[in-house]
Amino acid sequence: MNGELPREEPVEDATFVRPFIITGGRAEPLQADLRLETLVVAVGVPDETLTFERRHIVAVCERPTTVAEVASRVGVPLGVAKVLVSDLVVAGQLTCRQPAELPLQTLERIRDHVRAL
């Protein structure tokens, strides 16, 4: 032994699903205008034929929810959430509403937080 600690092999999480599998290999949403602050809301109850993640998104969107919050609550990367939300909007499961413009106060807060980094 030369004083080095034995390396542990990384343990692969059996529950991890690669994002490209969830989106069917797509990286771009069908609707290019989805933003982090876009509000999405379910049209009705989740369709039982939807995959687990899509059903979960519809359930999360029972009340108006931002795309960023959907990603966080469902536990998927933002890009994956945008693809799935877009699919659900096209399928008629969700509707979306874009805020016309971010208020100046919000933009200033974002600027201040970025500067603090």
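Details of the structure are given in the entry above.
What comes next is a walk through the structure. (Residues numbered from 1 in each chain as written. Predicted model: local features only at pLDDT ≥ 70, side-chain atom pairs only at ≥ 80, totals over all residues. Heavy atoms only, no water.)

### Considering the sheet that holds strand β1 (residues 39-42)
Rules: Any two strands are treated as partners once DSSP identifies two or more bridges connecting them. Secondary structure elements follow DSSP: runs of H or I no shorter than four residues count as helices, runs of E no shorter than two count as strands, and numbering proceeds from the N terminus.
Taken in spatial order, the 3 strands make up an open sheet running β2-β1-β3, and their pairing is antiparallel. A strand with exactly one partner marks an edge of an open sheet, and here the two such strands are β2 (65-66) and β3 (94-97). Two strands pair when backbone bridges link them, and β1 and β2 are joined in this way by 2 bridges, in the antiparallel orientation. Residue V40 lies in a different strand from β2, and its bridge partner there is T65.

### Looking at the packing of helix α2 (residues 52-60) against helix α3 (residues 67-74)
Cut-off, in case you're wondering: Angles run from 0 to 180 degrees between N-to-C directions of axes, and those axes are lines fitted to C-alpha atoms, restricted for helices to the stretch in contact. Orientation is classified from the angle alone, with under 35 degrees giving roughly parallel, over 145 giving roughly antiparallel, 65 to 115 giving roughly perpendicular, and any other angle giving oblique. Here is the rule for handedness: rotate from the far helix to the near one, and if that takes an anticlockwise turn smaller than a right angle the crossing is left-handed, while a clockwise turn gives right-handed. Should any heavy atoms of two residues lie within 4.5 Å, those residues are counted as being in contact. Note that Gly is not counted as nonpolar here; it falls among the polar residues with everything else outside the nonpolar set of Ala, Val, Leu, Ile, Met, Phe, Trp, Tyr, Cys and Pro and the charged set of Asp, Glu, Lys and Arg.
Following both chains from N to C, one finds α2 and α3 inclined at 125 degrees, their axes separated by 10 Å at the closest point. Overall, the two elements α2 and α3 adopt an arrangement that is oblique. Here the hand of the crossing between α2 and α3 comes out right-handed. From α2, H56, I57 and V60 reach across to α3, where they touch V70, R73 and V74. Looking at side-chain class alone, the contact of α2 with α3 contains 4 nonpolar, 1 polar and 1 charged residues.

### Remarks on the environment of P64
This is how the line gets drawn: Burial here depends on accessible area, computed with a 1.4 Å probe over protein chains only, as a share of the maximum for the residue type. Under 20% is buried, over 50% is exposed, and the range in between is partly exposed.
Relative to the helices and strands, P64 resides in the loop between α2 and β2. Residue classification places P64 among the exposed residues on the basis of a relative accessible area of 55%. Separated by 23 residues in the primary sequence, P64 and V41 place their C-alpha atoms 4.6 Å from one another. With near-sequence residues (within four places) excluded, P64 lies in contact with L39, V40 and V41.

### Structural notes on the pairing of β1
Because side chains alternate across β1, one face comprises the buried residues V40 and A42, and the other comprises L39 and V41, none of which is buried. As paired elements, β1 and β3 share 4 bridges and run antiparallel to each other. Each bridged residue has a counterpart across the sheet, and for A42 the counterpart in β3 is L94.

### Things to note about α3
Counted only if it meets this: In this context, the arc is that of the directions from the helix axis out to the C-beta atoms.
Buried within α3 are the following residues: V67, V70, A71 and V74. The arc enclosing the buried residues of α3, seen along the axis, measures out at 100 degrees, which places them on a common side. Against β1, α2, β2 and α4 (78-90) lie the buried residues of α3. Positive backbone phi, at 80 degrees, marks G75, one or two positions downstream of α3.

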